[in-house]
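Architecture at a glance
The chain contents come next:
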Amino acid sequence: MRTNEPFALWTWGFKVFCTFVCVKKSPSQRHRQHKSPEWFSLPKMSQNLPKGMGKTVAGLAVAVAAVACAGAVVIVSRRIRERGQRAKCLAILDEFRNLCATPVSRLRQIVDAMVVEMHAGLATEGGSRLKMLPSFVDVLPTGDEKGLYYALDLGGTNFRVLRVQLGGKEGRVIKQEYEEVSIPHKLMAASGQELFEFIAKELAHFVNREGDGFRPHGNQKRELGFTFSFPVNQTSINSGTLVQWTKGFTCDGVPGKNVVQFLEEAMEKVGLKMRVTALVNDTVGTLAGGRYWNEDVMVAIILGTGTNACYVERADTINKWNGLLPKSGTMVINTEWGNFWSSHLPKTYADEGLDADSVNPGEQGFEKLVSGMYMGDIVRRVLLKMAQEAEIFGKPIPPKLMQPYTLSTPHMSKMHGDETRDLRNVAKVLKDAFNITNTSLTVRKIVYMICDVVCERGGRLAGAGIVGILKKIGRDGTGTGSGSWGQGKNISCKPRRTVVAMDGGLYEHYAKFREYLQAAATELLGEEVSKNVVIELSKDGSGIGAALLAASHSPSPTRNTVDSTIA
Ligand code: ADP
Ligand code: MG
């Protein structure tokens, strides 16, 4: 074992030295020594050496002993250096943990900052970093929808195409099918036309494979709900301009333009006959999908590659809204909370570096702390600091550790979920992601702890964000929100159940993230109130939600004309 190396060398050196001493001893002394451990028997051999050889052997023994001792000194000093490096790593970890701390007092400040920013964003255009975009969705699905609808969900690393046959209250979802297509990396930086043509072609292939059990209702044209999960300034239920790309997309020519037009032109080019009936954000789609099954759904959150939130707002509180107030009196607001910022948010050197190197410096601050696209890279940046300042992985610094995004959030969650005694999953990920091998258990423990710190911060901040929205609509138990649904207006009412529909690979697959999020929400709301707040995974709800919104906003005769208030 490595820890015995210097001792073994000392011992060996000492043995050689004793051998030399024994050569010089009297026969009687030598006799006594024969009862000693085996390694003292060496002198016997030297008795038969020719004259003069004794001195040579003695000299050799002294030399060997000296080398052994020197070796021991080297190892001991290496051990001391390693200890120093480990102490440095632990100091870096400690400092990072302190910078990331999210005690409940800080979370409360973040909740309040979120509420303030939500008000400001609703008051005036550009009034806050929170864009608080009206979605034009003032009717949510009720269950009465009928017919065949398509959905296209674009918003991250993959896009999904989906068709669904709706059978009204009785039949509900009669049949649905979907396919997932990954977006070639180079298309994320290609022109807008190239990106949308690729999507239209894949959609056309999918439509061509429409099988039995799918049929339009009467003369209904094929209609599409388009989930486009980037910040959009909605101009109607089926048009909207892209504010800016996020999540690594940089396609030319699209910001400032109507994205539905891009899609429709591409569909025409590939000969696909389909009408876009609803343009929605994935959060709005998730809200609609959740509401279809559960009328207590008031908020929807996405925690995947990126993060966002939407909720049902009282239309008369949207001061910046210039149009007629919707009949329902309510409107779904897309907060675009990925861009939320507050000085209370814990930010570190790793976050600053990540932001500076990103395609959108200064933007999406909350998303960069919380979402799947970034958390893995934050871990990598802390490891890189440890490699540079404390040689945690020895010399030279492993080249892959210096490359951004070599450590993904799924990598991070695999390490963080490692329950083996020797943290062998951590070792495996370090090998897979960075080609780092031969790590000690101490190093693996440090890596694990960094994952824990980044995950805890992200999960707790997301939990605080949710409580911020609940507070804004009066469902946080304090009775202070602006919503007509809180206890503030009617204190004698029993608290209403509120369901938060949640979607996204980060929340779905990262168990510890989910636990930290839930724990923070419960801490902030208190045990009693949190019993009435349920976070429900609504897997792929945004796809079917977009199809449902295409149905509830369809101009065809199947349109749901029920005046369904959505509160
Ligand atoms: P998108 O957000 O791209 O629409 P998803 O909702 O499926 O897609 O989320 C995918 C993201 O979720 C990935 O980019 C990754 O960041 C995160 N993710 C997926 N699997 C895991 C996992 N096992 N652990 C942690 N994060 C994960
Ligand atoms: Mg998604």
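Definitions and cut-offs
Residues numbered from 1 in each chain as written. Chains lettered and ligands numbered in written order. Predicted model: local features only at pLDDT ≥ 70, side-chain atom pairs only at ≥ 80, totals over all residues. Heavy atoms only, no water. Helix = DSSP H or I, 4+ residues; strand = E, 2+ residues; numbered from the N terminus. Buried < 20%, exposed > 50% of the residue type's maximum accessible area, 1.4 Å probe, protein only. Contact = heavy atoms within 4.5 Å. Areas by Shrake-Rupley, 256 points an atom, 1.4 Å probe, with all protein chains shown as cover. Near = heavy atom within 4 Å. Polar contact = N/O pair within 3.5 Å; in protein donor to acceptor, adjacent residues only side chain to side chain. 1 Å grid on protein atoms, 1.4 Å probe; cavity = no way out; pocket = protein on both sides within 12 Å on 5 of 7 lines; lining within 4 Å. Sits in = over half its atoms within 2 Å of the grid points. Pairing = 2+ DSSP bridges. Axes fitted to C-alpha atoms, helices over the stretch in contact; angles between N-to-C directions. Phe/Tyr/Trp six-rings, centres within 6.5 Å; stacked < 30°, edge-to-face > 60°.

**Some details on the overall build of the protein chain**
The number of helices and strands found in the protein chain is 19 helices and 13 strands. Counting every position in the protein chain, which comprises 567 residues, the buried fraction comes to 52%. Of all intrachain contacts in the protein chain linking residues separated by at least 6 positions in sequence, the fraction that spans at least 24 positions is 72%. Element-wise, carbon and sulfur atoms account for 54% of the exposed surface of the protein chain, whose accessible area totals about 25300 Å².

**Looking at the site of ligand 1**
In the vicinity of ligand 1 there are 15 residues, among which T305, G372, S413, G505 and L506 approach most closely. In this structure, T305 approaches ligand 1 through a side-chain N or O atom, which is 2.6 Å from an oxygen atom. In this structure, G372 approaches ligand 1 through a main-chain N or O atom, which is 3.2 Å from an oxygen atom. Contact with the protein chains removes 77% of the 560 Å² of surface that ligand 1 exposes when unbound. In this structure the site holding ligand 1 corresponds to the largest pocket. Of all the elements in the fold, those that place two or more residues in the shell around ligand 1 are α13 (409-416) and α16 (505-509).

**Section: the sheet that holds strand β4 (residues 173-182)**
Overall, mixed pairing links the five strands, which are arranged β4-β3-β2-β5-β8 in an open sheet. A strand with exactly one partner marks an edge of an open sheet, and here the two such strands are β4 and β8 (275-280). On average, adjacent strands in this sheet sit at an angle of 20 degrees to one another, irrespective of strand direction. Both strand β2 (residues 146-154) and strand β5 (residues 223-228) contribute to a ladder of six bridges, which runs parallel. Note that in β5 the partner of L152 across the bridge is F226. The strands touched by helix α7 (residues 192-208) are β2, β3 (158-167), β4 and β5; relative to β3, the strand with the most contacts, the crossing angle is about 40 degrees. Where helix α19 (residues 541-552) meets the sheet, its contacts fall on β2, β3, β4, β5 and β8, and the angle it forms with β2 comes to roughly 130 degrees.

**Describing the packing of aromatic side chains**
Note on aromatic pairs: each is described by the distance of the centres and the angle between the planes. For the coordinates displayed, the defined rule picks out 15 aromatic pairs. Taking 5.9 Å as the distance between ring centres and 65 degrees as the angle between the ring planes, the aromatic pair formed by F228 and W245 counts as edge-to-face. A residue pair is termed long-range when its members are at least 10 positions apart, and F228 in strand β5 and W245 in the loop between β7 (239-242) and α8 (259-269) qualify at 17 residues. With respect to class, F228 is no different from W245; both count as buried. A centroid spacing of 5.3 Å and a plane angle of 75 degrees characterise the contact between W337 and F366, whose relative ring orientation is edge-to-face. In this pair, W337 is assigned in the loop between β11 (330-334) and α10 (349-357) and F366 in helix α11 (residues 365-370), connecting sequence segments 29 residues apart. With respect to burial, W337 and F366 carry one shared label: buried. Site record: aromatic cluster; members linked through ring pairs are F226, F228, F230, W245 and F249.

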